[in-house]
Amino acid sequence: MPEDAIPLNPSGASSVAMARPAGRSYLRAVAAIIWKDLAAELRSRELLGAMLVFALLVILIFNFALELDVRTRATVTSGVLWATFAFAGTLGLNRSMSIEKDSGCLDGLLLAPVDRSAIFFGKMLGNLIFMLLVEAMVLPIYSVLYNTSLLVPGLILVILLGSFGYVAVGTLLASMAVQARTRDVLLPILLFPVVLPVLVAAVKATNGFLQNLEASEIMPWLNLILAFDVIFTSVGFMVFDYVVEE
Amino acid sequence: MIEVRGLVKAFGQKPVLRGVNLHVDAGEFVALLGPNGAGKTTLLRILASLSRPTFGEVRIAGYGLPAQASAVRQRLGVVSHQPLLYGDLTAEENLRFYGRMYGLQNVEKRVGEVLDLIGLRSRRRDLVRQYSRGMQQRLAIGRAILHDPEVLLFDEPHTGLDQEAAAMLDVVLRQVAARGRAVLMTSHDLRRAADLASRIDVLSKGTIKASWQSGELEPRDLPAHYRSVTHA
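Residues numbered from 1 in each chain as written. Chains lettered and ligands numbered in written order. Predicted model: local features only at pLDDT ≥ 70, side-chain atom pairs only at ≥ 80, totals over all residues.

**Q** Describe the overall build of chain B, with residues and values.
**A** A tally of regular secondary structure across chain B gives eight helices and 10 strands. Taken over the C-alpha trace, chain B has a radius of gyration of 18 Å; the compact-globule value for 232 residues is 17 Å, and the two agree within 12%. Considered along the principal axes of its C-alpha atoms, chain B spans approximately 50 × 40 × 30 Å. Counting every position in chain B, which comprises 232 residues, the buried fraction comes to 52%. A separation threshold of at least 6 residues defines the contact pool for chain B, and within that pool the share at least 24 residues apart is 69%. (Helix = DSSP H or I, 4+ residues; strand = E, 2+ residues; numbered from the N terminus. Rg over C-alpha atoms; globule rule 2.2 N^0.38 Å. Buried ≥ 20, exposed ≤ 12 C-beta atoms within 10 Å, placed from the backbone. Contact = placed C-beta atoms within 7 Å.)

Here's what the structure looks like:
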């Protein structure tokens, strides 16, 4: 290694220019975390692979367990779909935070001079992308196995809003659970009771769209999901710093 | 640069630090020695703003913790025994990622400079999980100095390194210290600490029990003095 490689800086002042505007730094940090998660996942395919295999297994098990006629199947579709998304999502949330914790990288993120809520949003949006990717792959497979058409625009909106609320509270709770030795068990125990309003509302709204119910019957459930999305995101924004600091 | 007064840290009812007073000036290289459980890592984690003090005053480069943590982190580089690097990213990608997190304006140029400095330019496109422990630790130092911090904290940086990698790390540590930065390093290696540091502090049972300037003690006498302090 070249011994004279470091340029001496007699003034002692930092010679590396930093981008100043706080808002830009914040967004840049959020984007950097999303990019990092996607780039690492593109190489390892650990997280997406595990989520997808798990989701497909859940769908297959339901497929064999519920040997029902086509009409009855249509009524259980929303429940089966969201149970699948919730289980696969838990796996993804756990893995996403474990990667940070196991190599000490969570400390690396916490050492960055940005508001720590930027780390929360970066991880949350990364998790949302993974969850949406798995859902996009699961939906056509589900359609074939259950002989049900899921190409309903309203359903896509429910999946977007429901997944957002799920990963918002899931990322926060995964950050808490990852500190514990029993993190794999702890996350579902913490997450499912808290996220239940979002899941119930998502099941009802999905069912409404698939059964072609009136908009007036679906809107209350969509509003409920939206309200919880705002609440969960705000709570994550406010308390993430306290969750990750010792 | 680093000022600590009456620092107390307790986990529940168990106090780990019991009133630590510490001062590290710019250009000073302080080695913090102490037995396992003395509170060295806890002290470094508080200085790195990763842990909140229970009581006491902590100032880094003039900024108080925990109130001005973001300003402190801008001026701080940390190397722990874990590399804080992503195994599924290349060395270059890791540095680029941290450069963005630190808001560096010319990330590519700085990443190139740091890769040259730590001697990993030829391996910059290799995944970090394929690196040896020594190479990972050099890259960890590169990550810590990427934003040219005024204060550097090293938590047992030689852990797990072979002789050659440890010697290489010593070269980098000396270069960093020669730049007028304040350096605080925890270690169990008395000989290495005596060799590198301009001052040695001994932390035992949650307080600084002794402090020796370089040259104040003969290196061969250090183990005996250290034992007398930690067994007192």
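**Q** So what's going on with the packing of helix α3 (residues 91-101) of chain B against helix α4 (residues 107-117) of chain B? Residues and values would help.
**A** Residue and element names in this part refer to chain B. Where α3 meets α4, the closest approach of the two axes is 9 Å, and the angle between their N-to-C directions is 130°. Taken together, the axes of α3 and α4 are oblique relative to one another. Considering how the two elements wind past one another, α3 and α4 form a crossing that is right-handed. Each of Ala 91, Glu 92, Leu 95, Arg 96, Gly 99 and Arg 100 in α3 lies in contact with α4, whose residues at this interface are Val 107, Arg 110, Val 111, Val 114 and Leu 115. Here the contact of α3 with α4 is built from residues that sort into six nonpolar, one polar and four charged. (Axes fitted to C-alpha atoms, helices over the stretch in contact; angles between N-to-C directions. Parallel < 35°, antiparallel > 145°, perpendicular 65-115°, else oblique. Left-handed = near helix turned anticlockwise from the far one by under 90°. Nonpolar A, V, L, I, M, F, W, Y, C, P; charged D, E, K, R; others polar.)

**Q** Describe the pairing of strand β1 (residues 2-11) of chain B, and please don't skip the residues or the numbers.
**A** Residue and element names in this part refer to chain B. The sheet contact formed by β1 and strand β2 (residues 14-24) spans eight bridges and is antiparallel. Paired with Phe 11 across the bridge in β2 is Lys 14. From the end of β1 to the start of β2, which pair antiparallel, there are two residues, and Gly 12 there has a positive phi angle of about 70°. As defined by bridge partners, β1 adjoins strand β4 (residues 55-60) across five bridges and the pair is classed as antiparallel. Residue pairing in the sheet places Val 8 in a bridge with Phe 55 of β4. (Pairing = 2+ DSSP bridges.)

**Q** Can you break down the confidence of the model for chain B residue by residue, with the values?
**A** All names here are of chain B. In this model, chain B carries an average pLDDT of 89, and 100% of its residues clear a pLDDT of 70 or more. Mean pLDDT across the elements of chain B ranges from a minimum in helix α6 (residues 163-178), with 80, to a maximum in α3, with 96. For this predicted complex, the interface score ipTM comes out at 0.90, alongside a pTM of 0.88. (pLDDT = per-residue confidence, 0-100.)

**Q** So what's going on with the interface of chain B and chain A? Residues and values would help.
**A** Facing the 39 residues of chain B at the interface are 35 residues of chain A. Looking at the side of chain B that touches chain A element by element, the count peaks at four residues for α3 of chain B. In the side of chain B that touches chain A, the residues fall into 15 nonpolar, 13 polar and 11 charged.

**Q** Describe helix α5 (residues 116-146) of chain A, naming the residues involved and giving the relevant values.
**A** The end-to-end C-alpha separation of α5 of chain A is 44 Å, in line with the 45 Å expected for 31 residues at 1.5 Å each. In the segment just after α5 of chain A, Asn 147 of chain A is the residue with positive phi, at about 55°. (Expected span 1.5 Å × (residues − 1).)

**Q** Could you give an account of the sheet that holds strand β8 (residues 182-187) of chain B, with specific residues and numbers?
**A** Residue and element names in this part refer to chain B. Taken in spatial order, the six strands line up as β6-β7-β8-β3-β9-β10 in an open sheet, and their pairing is mixed. Looking at strand neighbours, the two that pair on one side only are β6 (76-79) and β10 (207-213), the edges of this open sheet. When strand polarity is set aside, the average angle formed by the axes of neighbouring strands in this sheet is 15°. Of the strands in this sheet, β3 (29-33), β7 (151-155), β8 and β9 (199-204) touch helix α1 (residues 40-47), which is tilted by about 150° from β7. In the packing of helix α5 (residues 133-145) onto the sheet, the strands contacted are β6 and β7, and the crossing angle to β6 comes to about 165°.

**Q** Give a detailed account of the sheet that holds β4 of chain B, specifying residues and quantitative values.
**A** Residues and elements named next belong to chain B. The strand order across the open sheet formed by four strands is β2-β1-β4-β5, and the pairing between neighbours is antiparallel. Of all strands in the sheet, those with a lone pairing partner are β2 and β5 (63-65), marking the two edges. For this sheet, the mean inter-axis angle between neighbouring strands, taken without regard to orientation, is 25°. Here β4 runs beside β5; their pairing, made up of three bridges, is antiparallel. Its bridge partner lying in β5, Ile 60 is registered against Tyr 63.

**Q** An account of the domain arrangement of chain B is needed here, citing residue identities and associated values.
**A** Split by domain assignment, chain B resolves into domain 1 (1-75 + 151-160 + 180-232) and domain 2 (83-148). The C-alpha-based centres of domain 1 of chain B and domain 2 of chain B are spaced at 26 Å. (Domains from an automatic or database assignment.)

**Q** How would you sum up the environment of Arg 73 of chain B? Please name residues and give values.
**A** The residue Arg 73 of chain B is located in helix α2 (residues 69-74) in this model. For Arg 73 of chain B and Leu 47 of chain B, which are 26 residues apart along the polypeptide, the C-alpha to C-alpha distance reads 9.6 Å. In this structure Arg 73 of chain B touches Leu 111, Ala 112 and Pro 113 of chain A together with Ser 49 of chain B, once residues within four positions along its chain are discounted.

**Q** Before we move on, could you go through the environment of Phe 85 of chain A and cite the residues and values that matter?
**A** Residues and elements named next belong to chain A. For Phe 85, the position within the fold is in helix α3 (residues 70-102). Assessed through the 24 C-beta atoms surrounding it within 10 Å, Phe 85 is described here as buried. Along the chain, Phe 85 and Thr 72 lie 13 residues apart, while their C-alpha atoms are 21 Å from each other. When near neighbours in sequence (up to four residues on either side) are disregarded, Phe 85 contacts Glu 135 and Ser 163.

**Q** An account of unusual backbone geometry is needed here, citing residue identities and associated values.
**A** Here the residue pair Leu 65 of chain B and Pro 66 of chain B is connected by a cis peptide bond, since its omega of 5° sits within 30 degrees of zero. Assignment of secondary structure puts Pro 66 of chain B in the loop between β5 and α2. One non-glycine residue, Arg 45 of chain A, lies in the positive phi region at around 55°. Structurally, Arg 45 of chain A is set in the loop between α1 (22-44) and α2 (46-65). We classify Arg 45 of chain A as exposed; it has 12 C-beta atoms within 10 Å. Located in the positive-phi region is Ala 61 of chain B, a residue other than glycine, with phi close to 50°. Mapped onto the elements of the fold, Ala 61 of chain B is located in the loop between β4 and β5.

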